[in-house]
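Overview (structure and organization)
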Protein chains: 2
Amino acid sequence: MDELGHKDRAEPEDTRIRAVRIQDVARLADVSTATVSRALATPERVSPEARARVLEAIAKTGYVPNPAARTLRSQKTYMVLVVLPDLANTFFSKILRGIEETLFEAGYGMIISDLDGSPEKEAHFAAFTAAGRVDGAILLNGHLFGQSRDGEGQPARITIPLVALCEAIPGADIPQIEIDNRAAASRMTQHLASAGHRRIAYVSGPTNNILERERFLGFKDGLEAAGLAFDPALVIPGDYTIEAGVRAGQDLVARSARPTAVFCTSDEMAIGLMRTLFSAGLRVPEDISVAGFDDIEFAAVAEPALTTIHQPRRELGQAAASALINLLQGRSSPKRIRLETELVIRDSVTSL
Amino acid sequence: MDELGHKDRAEPEDTRIRAVRIQDVARLADVSTATVSRALATPERVSPEARARVLEAIAKTGYVPNPAARTLRSQKTYMVLVVLPDLANTFFSKILRGIEETLFEAGYGMIISDLDGSPEKEAHFAAFTAAGRVDGAILLNGHLFGQSRDGEGQPARITIPLVALCEAIPGADIPQIEIDNRAAASRMTQHLASAGHRRIAYVSGPTNNILERERFLGFKDGLEAAGLAFDPALVIPGDYTIEAGVRAGQDLVARSARPTAVFCTSDEMAIGLMRTLFSAGLRVPEDISVAGFDDIEFAAVAEPALTTIHQPRRELGQAAASALINLLQGRSSPKRIRLETELVIRDSVTSL
């Protein structure tokens, strides 16, 4: 719960066994019961602050409003919430298009929230979702509402269908649509090894991200399969952004014993890294081979064109939307859907 | 109205002078009045097709539902619709972030629609907006609902506040947030001319887009200011995408008398074009100078780093959201807000 920033507030231990009443919500939100009613029926007559507190308290307690309000809630909204960790990241653009077009065909609209690491925003959208303002949600941020990415905390009680996309959520009993990150990273590592590279650096994602954990395991798998020893000195921390690639490049440039190949776990990092190498007078791939991950549009037109792992981004978005629509329309959905990736060999990796 | 694809349906000539009744909506939608009522009160009990037809008919007629439904409509939704021409375009990612963060601070959520040239989608979201499912809308697609980009057709009767962003909508009496595209293009053209370039090619955007029309005027302004003649043979058609840049590069490579500089009106086109030049053995900027427009994240890390026009994308999104919030909260907003651009000189342009 610490991500919600309110762990210290009183939450009755027994809310999980008796019916939650409007009084519980009012107490937790520190408002009158009339304000709770107004926040649900005529939100424009309540201050934004009070509204946020009420919605947050509803999410925490799992309160179900009175019959009249429940009738309102039972009406479908034909809206789906899409939760992103970073809307400014190019990686998501085609995924969003895949989600949007599939939802639209089925008659649903898309509400986007960019959580951007903000606990306030997270609490707001948890409440928004719990209050039935959308029919379902697609989570691309690697955790359930109320939990951290490490699975800490009690998930908010959300009764509408949820689907996880890209970042799997371990233990969550919802459909999860992803690629096999571990196998893909192993494959790229073995590709570099088969080109004769023995010293292969690895530029990581954020270490609390499951994509990073899986790709890192895949990197080690690939080294092992190729008979190469893992050297922790060749792991450079990153976070999937261009700027992290620039920093990783500076790290490499400053080294005396450089690796002959670098596996960047995102194309944005690979493109930023190559730029830094060029600025230092190093050539790609002649001096250092560079590989990416994702196959964003800019990978094919980078100079040199980037060898990378192709993720079917539009199809990932479509598959997640389809799984959610199945649930919304009373059908079932497989719990785990893995789409195929592809090793795309271009010009940024050379044989030794 | 032809964008809605229903010009041939009967629309009474006098709907603009007498009160529109539910019967008018039912007739236009080819359903019973009971279905119109149900589509508004309990949409889940109506087929998606009938729902879409009813919403479309409401948008066309400007029908205001009965008092009970009107009460429902008068409730704020705390949602804003953002209409994009192409969600997959990297250019929009930071703009969306600027919009989203500003809306969120004011207590509003963001619904995104990617119209993608689809008349069905356009009609749906026009109806959605007319029916009061959102409190306001930000239009990035260069036209009002029901009109073409050329201003043809009767705009849908939308009574909620609207704001135009990036692509101005000539004649629309709504706040418009943009950059001075003409002045920025003139500035870049003069920069190329001042570096000694006399034969400057121009890679355009879509010709029905106001951004293109303004930038093209600016290009000609810049030539004139530099005392250079305009040569139509040096105008290469494009559409702002990487692929268009690749095609423009192929066009240039095939020419015997090549220009010494190319002004691409988007960075994506400049990056695609440079790639094609490299593949043909040409060097940038030694053989051809290349300039872009937008300053997306990839411009600074392109090889060579791209000389371009910086657009304050996040601030554009924030300004549009602020203008809309002013209207939503009963305050006024200036009708035209122009944010400053910046000429960013990097490595892709050389002096002759």
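Rules and cut-offs
- Residues numbered from 1 in each chain as written.
- Chains lettered and ligands numbered in written order.
- Predicted model: local features only at pLDDT ≥ 70, side-chain atom pairs only at ≥ 80, totals over all residues.
- Heavy atoms only, no water.
- Helix = DSSP H or I, 4+ residues; strand = E, 2+ residues; numbered from the N terminus.
- Buried < 20%, exposed > 50% of the residue type's maximum accessible area, 1.4 Å probe, protein only.
- Contact = heavy atoms within 4.5 Å.
- Areas by Shrake-Rupley, 256 points an atom, 1.4 Å probe, with all protein chains shown as cover.
- Expected span 1.5 Å × (residues − 1).
- Salt bridge = Lys/Arg side-chain N within 4 Å of Asp/Glu carboxyl O.
- Domains from an automatic or database assignment.
- Buried area = accessible area lost by both parts, 1.4 Å probe.
- Pairing = 2+ DSSP bridges.
- Least-squares fit on C-alpha atoms with pLDDT ≥ 70 in both.
- Polar contact = N/O pair within 3.5 Å; in protein donor to acceptor, adjacent residues only side chain to side chain.
- Nonpolar A, V, L, I, M, F, W, Y, C, P; charged D, E, K, R; others polar.
- Axes fitted to C-alpha atoms, helices over the stretch in contact; angles between N-to-C directions.
- Parallel < 35°, antiparallel > 145°, perpendicular 65-115°, else oblique.
- Left-handed = near helix turned anticlockwise from the far one by under 90°.
- pLDDT = per-residue confidence, 0-100.
- Core = buried A, V, L, I, M, F, W, Y, C linked by side-chain atoms within 4.5 Å.

What follows deals with the overall build of chain A. A count of helical and extended segments in chain A gives twelve helices and twelve strands. Residues counted as buried form 59% of the 352 residues belonging to chain A. Look at the contacts in chain A between residues 6 or more apart in sequence, and 73% of them connect residues 24 or more apart. Of the roughly 13700 Å² of accessible surface on chain A, 50% is carried by carbon and sulfur atoms.

Residue and element names in this part refer to chain B. Look at helix 12 (residues 313–328): 23 Å from first C-alpha to last across 16 residues, which is about the 22 Å you get at 1.5 Å a residue. All of the buried residues along helix 12 are R313, L316, G317, A319, A320, A321, A323, L324, I325 and L328. Of the residues trailing helix 12, G330 is marked for its positive phi of about 80°.

Moving on to the pattern of salt bridges. The full count for this structure, using the stated rule, is 37 salt bridges over all chains. A salt bridge links D86(B) to R97(A), with the shortest nitrogen-to-oxygen separation between them at 2.9 Å. Here R97(A) lies in helix 5 (residues 91–105) and D86(B) lies in the loop between strand 1 (79–84) and helix 5 (91–105), a pairing that spans two chains. Judged by its relative accessible area of 22%, D86(B) is partly exposed. The exposure class of R97(A) is buried, given its relative accessible area of 11%. Between D180(B) and R338(B) there is a salt bridge, with its nearest N and O atoms 3.4 Å apart. Highlighted residues: D180(B) in the loop between strand 5 (176–179) and helix 7 (181–194) and R338(B) in strand 11 (residues 336–339), separated in sequence by 158 residues. Since its relative accessible area comes to 28%, D180(B) is described here as partly exposed. Overlapping salt bridges bring together E178(A), D180(A), R336(A) and R338(A) as one network.

All names here are of chain A. Looking at the assigned domains, one finds that chain A contains domain 1 (13–73), domain 2 (77–179 + 313–339) and domain 3 (181–312). Placing a centre on the C-alpha atoms of domain 2 and another on those of domain 3 gives a separation of 29 Å. Each partner contributes to the interface: domain 2 provides 16 residues, whereas domain 3 provides 15 residues. Of the roughly 1500 Å² buried between domain 2 and domain 3, counting both surfaces, carbon and sulfur atoms make up 52%. When the buried surface of domain 2 facing domain 3 is broken down by residue, R149, I179 and R313 rank first, second and third, together holding 39% of it. Between domain 2 and domain 3 we count two salt bridges in total.

This part covers the pairing of strand 3 (residues 136–139) of chain A. Residue and element names in this part refer to chain A. In strand 3, alternate side chains face the same way, and those of G136 and I138 on one face and A137 and L139 on the other are all buried. Summarising the sheet, strand 1 (residues 79–84) and strand 3 pair through four bridges and their orientation is parallel. Directly across from V80, in strand 3, lies its bridge partner G136. With three bridges connecting them, strand 3 and strand 4 (residues 162–165) associate as parallel partners. Residue pairing for strand 4: L139 is matched across the bridge by A164.

Turning next to the relation of the copies chain B and chain A. Expressed as a screw transformation, the operator carrying chain B onto chain A has a rotation angle of 180° and an axial translation of 0.0 Å, and the superposed copies differ by an RMSD of 0.0 Å. In symmetry terms, the pair is related by a two-fold rotation axis. Across chain B, the rotation axis passes nearest the C-alpha of I111(B), at a separation of 2.1 Å. Same-surface contact between copies: 100% of interface residues of chain B are shared with the interface of chain A.

All names here are of chain A. Of note, the bond from V284 into P285 is cis; its omega dihedral lies within 30 degrees of zero at 5°. Tracing the backbone shows P285 in the loop between helix 10 (267–279) and strand 9 (289–291). Looking along the chain, the bond that leaves E303 and enters P304 is cis, with omega of -5°. Along the chain, P304 turns up in the loop between helix 11 (297–301) and strand 10 (308–310). For D294, which is not glycine, the phi dihedral falls at a positive 125°. Overall, the relative accessible area of 7% leaves D294 in the buried class.

Quick look at the interface of chain B and chain A now. Taken together, the 54 residues of chain B in the interface contact 54 residues of chain A. Roughly 4400 Å² of surface becomes buried between chain B and chain A when both sides are summed, with 60% attributable to carbon and sulfur atoms. At the boundary of chain B with chain A, the tally comes to eight salt bridges. The residue E303(B) makes a salt bridge to R275(A) at a minimum N-O spacing of 2.5 Å. At the boundary of chain B with chain A, the tally comes to 18 residue pairs in polar contact (both at pLDDT 80 or more). When residues of the side of chain B that touches chain A are traced back to their parent elements, those giving at least two are helix 4 (67–74), helix 5, strand 2 (109–114), helix 6 (119–130), helix 9 (242–254), helix 10 (267–279) and helix 11 (297–301) of chain B. In the side of chain B that touches chain A, the residues fall into 26 nonpolar, ten polar and 18 charged.

All right, on to the packing of helix 9 (residues 242–253) of chain A against helix 10 of chain A then. For any two helices packed against each other, the geometry comes down to the angle between their axes and how far apart the axes lie. Residues and elements named next belong to chain A. It is the contact of helix 9 with helix 10, at a shortest axis distance of 6 Å, that shows an interaxial angle of 40°. On the basis of their axis angle, the class for helix 9 and helix 10 is oblique. Here the hand of the crossing between helix 9 and helix 10 comes out right-handed. Taken together, the residues of helix 10 that come into contact with helix 9 (itself represented by I242, A244, G245, V246, A248, G249, Q250, L252 and V253) are E268, M269, G272, L273, T276 and L277.

Turning to the sheet that holds strand 9 of chain A, a few remarks are in order. Residue and element names in this part refer to chain A. Read across the sheet, four strands follow the order 7-6-8-9 without closing on themselves; strand pairing throughout is parallel. Edge positions in the open sheet fall to strand 7 (235–236) and strand 9, since each of these has one partner strand only. Helix-sheet contacts for helix 7 (residues 181–194) involve strand 6 (200–203), strand 8 (261–264) and strand 9, and the interaxial angle to strand 8 is about 165°. Contacts from helix 10 reach strand 6, strand 8 and strand 9, with the element oriented near 160° to strand 9.

On to the confidence of the model for chain A. Detailed reading of the predicted coordinates is not advisable wherever pLDDT falls low. Residue and element names in this part refer to chain A. The share of residues in chain A with pLDDT of 70 or more is 89%, and the mean pLDDT across the chain is 87. Low pLDDT, under 50, characterises residues 1–17; the stretch is placed with 27 contacts to residues that sit more than four places away or in other chains. In this model, residues 67–73 is a region of pLDDT below 50 whose contacts with residues beyond four sequence positions or in other chains number nine contacts.

Next up on the list: the nonpolar core. Core analysis: the biggest nonpolar cluster contains 93 residues, and I99(A), L140(A), L165(A), F263(A), I99(B), L140(B) and L165(B) have the highest contact counts within it. With residues up to four places along the chain from it excluded, the contact list for L140(B) reads V82(B), V83(B), L84(B), P85(B), F92(B), I95(B), I99(B), L165(B), C166(B) and E167(B). In terms of nonpolar packing, the next biggest core, distinct from the first, is built from 58 residues, A248(B), C264(B), V284(B) and F298(B) among them.

Our next topic: the environment of E49(B). Along the chain, E49(B) turns up in helix 3 (residues 48–61). In sequence terms E49(B) and G205(B) are 156 residues apart; their C-alpha atoms lie 36 Å from each other.

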